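Breakdown of the fold
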Amino acid sequence: MSADAASSDKVGTSARTDFNERAQDYESGPRARWHSVIVNRSADVALTAVQIPLCVLDVGCGTGALLRQMNARLPNVLELIGVDPAIEMVRLARDRAEG
């Protein structure tokens, strides 16, 4: 493994750890309002590009806020898929989608 690849892997592991630790509070606290603005604007941009998608893929879905927003806006969507390297984020996204 090259030095650049090893460094990149350390950064990726560190970021995953940070996001796993912040998962519970990711949509609350002082950043919650800003996060909500970003989610709403992202949904607006996505739906401008494709007005009636049947499938939505969110890479880096975090706690699934954008996917929940898309679900609310797209009653006929067939599939919502989220992926994230932070397993705690994915667990929360799944819990919130089912709850």
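Scroll up for the structure.
Below or above, wherever it landed, is the structure these notes cover.

**Considering the packing of helix α2 (residues 32-49) against helix α3 (residues 65-73)**
Packing of α2 against α3 brings their axes to within 9 Å, and their N-to-C directions diverge by 50 degrees. Regarding the angle of α2 to α3, the classification is oblique. Considering how the two elements wind past one another, α2 and α3 form a crossing that is right-handed. Residue-level contacts link His35, Val39, Asn40, Ser42, Ala43, Asp44, Ala46 and Leu47 of α2 to Ala65, Leu66, Gln69, Met70 and Arg73 of α3. Along the lines of polarity and charge, the residues of the contact of α2 with α3 split into seven nonpolar, four polar and two charged.

**A short note on the nonpolar core**
Residues Ala43, Leu47, Val56, Cys61, Leu67, Met70, Leu74 and Val77 constitute the largest nonpolar core, which totals eight residues. Those residues within four positions of leucine 47 in sequence are excluded, and the remaining contacts are Pro53, Met70, Arg73 and Leu74.

**With respect to helix α4 (residues 87-98)**
Between its terminal C-alpha atoms α4 stretches 17 Å, which fits the 16 Å expected from twelve residues at 1.5 Å a residue. Those residues of α4 that fall on the buried side of the exposure criterion are Met89, Val90, Leu92 and Ala93. The buried side chains of α4 occupy one side of the element, clustering within an arc of 165 degrees when seen end-on. Exposed side of α4, more than 90 degrees from the buried face: Ile87 and Glu98 are the residues found there.

**Section: the pattern of salt bridges**
The full count for this structure, using the stated rule, is five salt bridges. Close ionic contact of arginine 73 with aspartate 44 constitutes a salt bridge, the shortest N to O distance being 2.7 Å. Remark: aspartate 44 occurs in helix α2 and arginine 73 occurs in helix α3; sequence separation between them is 29 residues. According to the relative accessible area criterion, arginine 73 is partly exposed, its value standing at 30%. On the accessibility criterion, aspartate 44 (39% relative accessible area) is partly exposed. A salt bridge links arginine 91 to glutamate 88; the shortest N-O distance between them is 3.0 Å. Note that arginine 91 and glutamate 88 are positioned in helix α4 at a spacing of three residues, about one turn of the helix. Among the charged side chains, a network of salt bridges with common partners joins Glu27, Arg68 and Arg96.

**Some details on the side chain of threonine 63**
With respect to the helices, strands and loops of the structure, threonine 63 is situated in the loop between β1 (55-59) and α3. For threonine 63, a relative accessible area of 1% gives the class buried. In contact with threonine 63, not counting residues within four places along its chain, are Ala23, Tyr26, Glu27, Arg68, Met89, Leu92, Ala93 and Arg96.

What counts as what
- Residues numbered from 1 in each chain as written.
- Predicted model: local features only at pLDDT ≥ 70, side-chain atom pairs only at ≥ 80, totals over all residues.
- Heavy atoms only, no water.
- Axes fitted to C-alpha atoms, helices over the stretch in contact; angles between N-to-C directions.
- Helix = DSSP H or I, 4+ residues; strand = E, 2+ residues; numbered from the N terminus.
- Parallel < 35°, antiparallel > 145°, perpendicular 65-115°, else oblique.
- Left-handed = near helix turned anticlockwise from the far one by under 90°.
- Contact = heavy atoms within 4.5 Å.
- Nonpolar A, V, L, I, M, F, W, Y, C, P; charged D, E, K, R; others polar.
- Core = buried A, V, L, I, M, F, W, Y, C linked by side-chain atoms within 4.5 Å.
- Buried < 20%, exposed > 50% of the residue type's maximum accessible area, 1.4 Å probe, protein only.
- Expected span 1.5 Å × (residues − 1).
- Arc of directions from axis to C-beta.
- Salt bridge = Lys/Arg side-chain N within 4 Å of Asp/Glu carboxyl O.

Any functional reading would require information beyond the geometric quantities listed.
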